[in-house]
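Listed here are the chains, written in short residue letters.
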Amino acid sequence: MLSFIVRRFGLLIPTFFGVTLLTFALIRLIPGDPVEVMMGERRVDPQMHAAAMHRLGLDKPLPQQYLDYIGKLAKGDLGESLRTRESVWHEFLTLFPATLELAIAALLFAGTLGLLAGVIAALKRGSLFDHGVMGLSLAGYSMPIFWWGLILIMFFSVSLGWTPVSGRIDLLYDVEPVTGFMLIDTLLGDEEGAFLDALRHLILPAIVLGTIPLAVIARMTRSAMLEVLREDYVRTAKAKGLSPSRVVFIHGLRNALIPVLTVFGLQVGTLLAGAVLTETIFSWPGIGKWLIESIGARDYPVVQNGILLIACLVILVNFAVDVFYGLANPRIRHQS
Amino acid sequence: MTSLTTPLPVDQSLLYPSPLKEFWRAFSHNKGALAGLLFMLVIVFCALFAPWVAPYSPSEQFRDFLLTPPAWLEGGQGRFLLGTDELGRDLLSRLIHGSRLSLIIGLSSVVMSLIPGIVLGLVAGFFPRLIGPAIMRLMDIMLALPSLLLAVAIVAILGPGLINTVIAIAVVSLPSYVRLTRAAVIGELNRDYVTAARLAGAGLPRLMFITVLPNCMAPLIVQATLSFSSAILDAAALGFLGLGVQPPTPEWGTMLASARDYIERAWWVVSLPGLTILLSVVAINLMGDGLRDALDPKLKNAA
Amino acid sequence: MPFFRNALSIALLAAGACVAQAKPLVVCTEASPDGFDIAQYTTAVTADASAETLYDRLVRFTRGTTQVEPGLAERWEISPDGLTYTFFLRKGVKFHTTEYFKPTREFNADDVLWSFERQRDAKHPWHDQAARGFPFFESMEFGSLIGNIEKLDPYTVRFTLTKPQAPFLADLAMGFTSIYSAEYADALLKADTLDKLNSQPVGTGPFVFQRYAKDAQIRFKANPDYWDGVPPSEKLLFSITPDSNVRLQQLRAGACQIALYPRPFDVPGLRKDDKLAVLEMDSLLTSYVGINAAHPPLDDVRVRQAINLAVDGKAYIDAVFGPDAATQAVNPYPSTMLGYDDSITPWPHDPERAKKLLEEAGHKDGFKLTIFTRPGGGPTNPNPALGAQMLQADLKAVGIEAEIRVIEWGEMIKRAKAGEHDLVFMGWAGDNGDPDNFLSPNLSCAAVTSGENYSRWCDKAFDSLITQARENNDPEQRAALYRKSLAIFHEQAPWIPQAHPRQFTALSKDVDGFVQSPLGSNNFAKTKRK
């Protein structure tokens, strides 16, 4: 088992370097440079421009710049934003908890509801409920989620006034950012009502971001469940006279969970990065928006290292899923 | 006399059914898939005959009729069935012409990632020592980057436009084809028929494309329909972020994005393009499900 | 143990809550500031969060106007030749006391010197801290304009210019000349934490910086020692809300009291809401289409005139800027400014005459060109891509085939500065209310070389008129010179002037004491909730 993990981990290293090279190259292929973008319509004296590019270290040959970048990375230095002069790590740390909080909320929503709907649909195969779940989940994963977000805001926030329109919390609550997770910070801060307010802000974005995973998980669970229910051990368990709920939850669900969790794991990566649209719609201060804006501003260090950090997360999550899958399924472990 | 026209009794079970017929029987059994197909036929018809189907040119501006509501609403006009947009262009005409764009984007991005994807996947499967792992690492790298960000970066490099949008989407969906093909190829390589072909002296290209590939097509076709629908969604998302096709091209996502400013005053300019996207994607996915069930019963319960 | 700590903090909080809690003022702003060291940045939102709140300048604009009045300088003297400016500084002005800095001395001439020398002197220890440079200082060529700055005594500073510059005093009211604390800078230098100047600012302004969370909020509190009276809002909060619809929804929901930059199309709806008020003002904004006069056939004045004649200017106002939300532009700058000429009327919408002119110029069968524009919008133009589509249709009517290229901002700027466009949608936001601030950067021959003259139109007569006007301190004479230059501009048609958008601010009715600025800045030093 250990050798399997080591082997898998070894594969991550070239991937990691490939990611650094790819992001480095991508951002530099985009026309325009950070000084130019900042000046906008205004005048840029060529001399000043050259001086600024020199200070930013952008006048060196590209291979040199790449080596400098890798050298800094090796020392754990992610550099600082060309625009805000803040360290990239610091900006990542302020924005990432917001994205993570949103992603976790979305997954919780999608996971619980998706599992439940999937199991029931499988048990009542062919029923109206089953058809309903399948139909809705089809619509769910066909959803243009930016549009879905706009429609939900118009309905729940503007027309009904049930949920706030945007942001993470009402600004009247002065919440000290300790962990960066609003739900935890509001509890630490002990301002009355702050926690509930933060929760209310989280609901709609979590639903929007969770829509596609919900649809996928519901479908996955249903088909995995159907498969398991056909297996011999479940039939045996039934024959032994175990109660139906016991059969479903102890034997069926436990085994059906394996493929579901795999999908679940893969969705985590997509969620962290895929929150761009949701963040844009809800003015959610997360990393997706940060990266898109940085591409616009040609903020090289932010784009390089921001994407690198996310890529590392995605790689690690996938690695964890791989290992988990290997643990659960010896056949995979012994394959190449 | 009548006995002459009566066909000879044939044992139906002895007839080898045409694969097409068999496929159609399985496909048409699925009502959802049929509905999806029907809807797509309408869309394809609109796309092919847009200039004749649409009441107006998609870029004709009726500047005295900005943001006219749909005909059935108060203030609506019979001549603009679904209302007009912020420049007074007929929304119905733009949606109809937009179907062309979406189909072109979907089709061409699928083709542009399917072909290189298959080739790379075959190569990766046939050369498991050096080239294969190298290709797979490259795909891992691409998969590690958030796909929307990658697409945004590619569009930023190439500049916005229809072709560049297609390229960006094709690049982003490449890894899944490569992975899928390679997995299928590895599965097939140990089969007896491949060994037989090898022993019979089939060359590498023949082995790759004639012997093995046809047997890997089922999951690829399914994946192609799925990525057809996701290409439409991705193009819309890029359009929504302001990086889509060039105006006044009526692409659905771009229409939605530019209408977003008017959401409070004119819900139809936002809702209708969104609804069109949703319905088309649902239709394609329904067809995809039907295809999967019909082509490969094994896959029925996976994914 | 954690329990005790919690209990303690509850007790402390409860005690804090007993202290009079004035209603905080929440403003929905449209973007995160780039930072708080305003000299390094150009964006209006950065200026609102720093120059208008944290800092003061030697002189300032009187609220709601472009008139200059005393700021940190109580008074000043200008030599008759217009070359030396002597400023007499205000005494007893205190810098902010914060958790990260306790000032030991009051504001004096050293702070003024530090704030200018840092940008001017390449050897200044702080000069290279701004890696991308000092954009305003450089683009306004202050480096070559200012010959010398001297401290005559702790409360007197003299600026010596290398040539007369009529708008100089107004320039000194702009954000990039904000006065920083030299004492704080020295402390940071000693601690080798130079980057804190940008993230933990200290100034003399009406508000003290408290906390900033990127893309979420900025928190300020009132400066209890402010020399111009303590601001009535004890807390000022910026809620960063990029989407304009969302800002309005937040305003309606009471989550903020002031929403900046509502879209003109939403204004009629806002006026119907009896809990809200809408302020509006003519601002110093111009939206235009630059015609690249270096690209044939656009070098032919008849063609440029024909393009202007082909355009239905009024329709753009209705569709893009919103009826009643903008005035149609004729001249490069709006009518509130010096030397504006009412007698110049817009080119009429006359496609027939346009076709005739094109025919005369030898383009009977029309020609092809490209229109550059960008996605999204800004204060000068809410939706340039929409205007581009109208322009395309208008040009088609006179036989010109135009292709639209929507290019992302950073790249478009680069390519337009290189002169790759035929037509480009641009805008200009005035910085100080002086005509020269519109004409020199956008239409002078020098600006052709540097690229930001997007029409790449260099007219010797026009250029010499605006140079004379810049170096003249007499308003009457300047006005006359500008009127002459505007006539040339109109006749030569290097632009399609589009609009001077009006500027709107939506606020809840219980907000008192907020005044819009024609310069587009937002200052809340006198604003409170009733």
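Calculation notes
- Residues numbered from 1 in each chain as written.
- Chains lettered and ligands numbered in written order.
- Predicted model: local features only at pLDDT ≥ 70, side-chain atom pairs only at ≥ 80, totals over all residues.
- Heavy atoms only, no water.
- Domains from an automatic or database assignment.
- Contact = heavy atoms within 4.5 Å.
- Buried area = accessible area lost by both parts, 1.4 Å probe.
- Polar contact = N/O pair within 3.5 Å; in protein donor to acceptor, adjacent residues only side chain to side chain.
- Nonpolar A, V, L, I, M, F, W, Y, C, P; charged D, E, K, R; others polar.
- Pairing = 2+ DSSP bridges.
- Helix = DSSP H or I, 4+ residues; strand = E, 2+ residues; numbered from the N terminus.
- Axes fitted to C-alpha atoms, helices over the stretch in contact; angles between N-to-C directions.
- UniProt positions renumbered as here; feature names shortened; annotations may be inferred.
- Buried < 20%, exposed > 50% of the residue type's maximum accessible area, 1.4 Å probe, protein only.
- Salt bridge = Lys/Arg side-chain N within 4 Å of Asp/Glu carboxyl O.

S.K.: For the domain arrangement of chain C, give the residues involved together with the corresponding values.
M.R.: Residues and elements named next belong to chain C. Taken domain by domain, chain C consists of domain 1 (25-239 + 510-529) and domain 2 (285-503). Each partner contributes to the interface: domain 1 provides 18 residues, whereas domain 2 provides 13 residues. Surface buried jointly by domain 1 and domain 2 totals about 1,200 Å² across both partners, of which 48% is contributed by carbon and sulfur atoms. For the pair domain 1 and domain 2, the number of links is 4 residue pairs in polar contact (both at pLDDT 80 or more). Considering only residue class, the side of domain 1 that touches domain 2 consists of 10 nonpolar, 6 polar and 2 charged.

S.K.: Could you give me a rundown of the sheet that holds strand β7 (residues 156-161) of chain C, with the residues and numbers involved?
M.R.: Residue and element names in this part refer to chain C. Strand order in the open sheet formed by 4 strands is β4-β5-β7-β6, with antiparallel pairing between adjacent strands. The open sheet has two edge strands, β4 (73-78) and β6 (146-153), and neither has a second partner. Strand-to-strand, the axes of this sheet are offset by a mean angle of 20 degrees, without reference to chain direction. Sitting on the sheet, helix α3 (residues 109-120) touches β5 (84-89), β6 and β7, and the angle it makes with β6 is about 160 degrees.

S.K.: Now, about the UniProt feature "domain: Solute-binding protein family" (unreviewed entry) in chain C: what can you tell me, with residues and values included?
M.R.: In the numbering used here, UniProt assigns the feature "domain: Solute-binding protein family" (unreviewed entry) to residues 67-447 of chain C. Between the first and last C-alpha atoms of residues 67-447 of chain C the distance is 27 Å; the span itself is 31% helix and 23% strand.

S.K.: Summarise the environment of B:Val212; cite the residues concerned and give the values.
M.R.: All names here are of chain B. Positionally, Val-212 belongs in helix α10 (residues 204-240). Classification of Val-212 as buried rests on a relative accessible area of 0%. Through-space distance from the C-alpha of Val-212 to that of Gly-161 is 37 Å; in sequence the pair is 51 residues apart. Beyond its immediate sequence surroundings of up to four residues, Val-212 is in contact with Phe-126, Val-185, Glu-188, Leu-189, Tyr-193, Val-194 and Leu-207.

S.K.: Account for the interface of chain B and chain A, naming residues and giving values.
M.R.: Counting from both sides, the interface comprises 37 residues of chain B and, opposite them, 40 residues of chain A. Taking both partners together, chain B and chain A bury about 3,500 Å²; carbon and sulfur atoms supply 80% of that area. At the boundary of chain B with chain A, the tally comes to 1 salt bridge. Across the pair A:Arg219 and B:Asp289 runs a salt bridge whose closest N-O atoms are separated by 3.1 Å. Of all the elements in the fold, those that place two or more residues in the side of chain B that touches chain A are α6 (131-144), α7 (147-158), α10 and α12 (267-295) of chain B. For the side of chain B that touches chain A, the residue count by class is 27 nonpolar, 4 polar and 6 charged.

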